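Chains, contacts and geometry: an overview
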Amino acid sequence: MLSIPPFLYRHHHTGAEPMKIGFAAQRFLRDHISQYDWFCYLEDDLLIADPYFFRKLEWFVTMHGEETTLSPHRFEISVTQPVHKLYHDGSVRPDFTAAWQNVDDRRHLQSEHLGMTVRFERWPNPHSGCFFLNRNQMAYWVSKPYFGDEDSSFAGPLESAASLGIIQTFRQYKPSPANASFLELQHLHPRYLGEALKFH
């Protein structure tokens, strides 16, 4: 059980294999589609600290249409490493996701937000360990024949549950590197900055 008050969450038992719990979560969201305005999926080591996070998502969809989604950049922080903040979902081979998305189709978007120009890009690496859809978007995804098929061909089942159905269904964007902090969330396990990235 979680070490937070039980009225803040609902425990849902599933017999899914551990690596495929993300697909069970998708079905849970589908089964409650009439009850919520936004449908969110996050891996369990991610933290949203931006109080305007959902306002930004709503603004983006209003500006650019419900056929688009916006994903955050994940970052890690450390005060003991030479680099104190790292955005670690970098680029990959251009053909890595070509079977499911065409990143050259309307590759860049930009809009004015609070007096500044914010740019967004389609990335060959769409993964952020999460997705965020409004009710209309969730219903549209659920209507697709591949919803719920547990296709794990994007890297693996964990990555596929978070990313594959989204890039199959929508034009997915992330903030451009110059304004990466526009939409971000913290990766609490310092796998990259604390372990994988070595400094000499």
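Please refer to the structure higher up on the page.
Described in the following lines is the structure provided in the data block. The shown structure was predicted, so the numbers you read here are calculated from the model rather than taken from an experiment.

The rules behind each value
Residues numbered from 1 in each chain as written. Predicted model: local features only at pLDDT ≥ 70, side-chain atom pairs only at ≥ 80, totals over all residues. Heavy atoms only, no water. 1 Å grid on protein atoms, 1.4 Å probe; cavity = no way out; pocket = protein on both sides within 12 Å on 5 of 7 lines; lining within 4 Å. Points joined across faces, edges and corners; volume = space filled by probe spheres on them. Helix = DSSP H or I, 4+ residues; strand = E, 2+ residues; numbered from the N terminus. Nonpolar A, V, L, I, M, F, W, Y, C, P; charged D, E, K, R; others polar. Phe/Tyr/Trp six-rings, centres within 6.5 Å; stacked < 30°, edge-to-face > 60°. Buried < 20%, exposed > 50% of the residue type's maximum accessible area, 1.4 Å probe, protein only. Lys NZ or Arg CZ within 6 Å of the ring centre and 35° of its normal. Contact = heavy atoms within 4.5 Å. Pairing = 2+ DSSP bridges. Salt bridge = Lys/Arg side-chain N within 4 Å of Asp/Glu carboxyl O.

**Some details on the layout of surface pockets**
- Quantified by volume, the largest pocket comes out at close to 1,500 Å³.
- It is helix 1 (residues 21-31) that provides the largest number of residues to the lining of the largest pocket, a total of six residues.
- A breakdown of the residues in the lining of the largest pocket according to their chemical character gives 23 nonpolar, eight polar and eight charged.

**So, the packing of aromatic side chains**
- Tallied over the full model, the rule gives 17 aromatic pairs.
- With 5.0 Å between their ring centres and 65 degrees between their planes, Phe53 and Phe132 make a pair best called edge-to-face. Of this pair, Phe53 sits in helix 2 (residues 53-64) while Phe132 sits in strand 8 (residues 130-134), and the two are 79 residues apart along the sequence.
- The buried category is assigned to Phe132, whose relative accessible area is 3%.
- Among the aromatic residues, those joined into a ring-pair cluster are Trp59, Phe60, Phe120, Tyr173 and Phe182.
- Above the face of the Phe75 ring, Lys85 is positioned so that its terminal group lies 4.5 Å from the ring centre.

**Quick notes on the environment of Trp59**
- Looking at where Trp59 falls in the secondary structure, it is placed in helix 2.
- C-alpha of Trp59 to C-alpha of Gly115: the two residues are 56 residues apart in sequence and 14 Å apart in space.
- Filtering out sequence-adjacent residues up to four positions away, Trp59 remains in contact with Ser111, Glu112, His113, Phe120 and Phe182.

**Brief notes about the pairing of strand 7 (residues 116-121)**
- Pairing geometry for strand 6 (residues 108-113) and strand 7, over six bridges, is antiparallel. If you follow Glu112 over to strand 7, its bridge partner there is Thr117.
- The turn linking strand 6 back onto strand 7 is made up of two residues, and Leu114 within it adopts a positive phi angle of 50 degrees.
- Note that strand 7 and strand 9 (residues 171-175) share two bridges and pair antiparallel. For Phe120, the partnering residue across the bridge sits in strand 9 and is Pro175.

**Things to note about the sheet that holds strand 4 (residues 73-77)**
- Pairing in this open sheet of four strands is mixed, and the strands run 2-10-4-5 from one edge to the other. Sheet topology places strand 2 (46-47) and strand 5 (85-87) at the edges, where each strand pairs with a single neighbour.
- In this structure, strand 4 lies alongside strand 10 (residues 184-187), joined through three bridges in parallel fashion. Bridge pairing in strand 10 links Phe75 to Gln186.

**Notes on helix 1**
- Burial in helix 1 covers these residues: Gly22, Phe23, Ala24, Gln26 and Leu29.
- Buried residues in helix 1 make contact with strand 1 (38-42), strand 8, helix 3 (135-142) and helix 4 (157-169).

**Here's the deal with the pattern of salt bridges**
- This structure, assessed with the given rule, holds 13 salt bridges.
- Asp89 is the salt-bridge partner of Arg74, the closest N and O atoms lying 2.8 Å from each other. Of this pair, Arg74 sits in strand 4 while Asp89 is found in the loop between strand 5 and strand 6, placing the two residues 15 residues apart along the sequence.
- For Arg74, a relative accessible area of 4% corresponds to the buried category.
- For the salt bridge of Asp104 with Arg107, the shortest nitrogen-to-oxygen distance reads 2.8 Å.
- Overall, the relative accessible area of 56% leaves Asp104 in the exposed class.
- Ionic contacts of the salt-bridge type, sharing partners, join the residues Lys20, Arg27 and Glu150 into one network.

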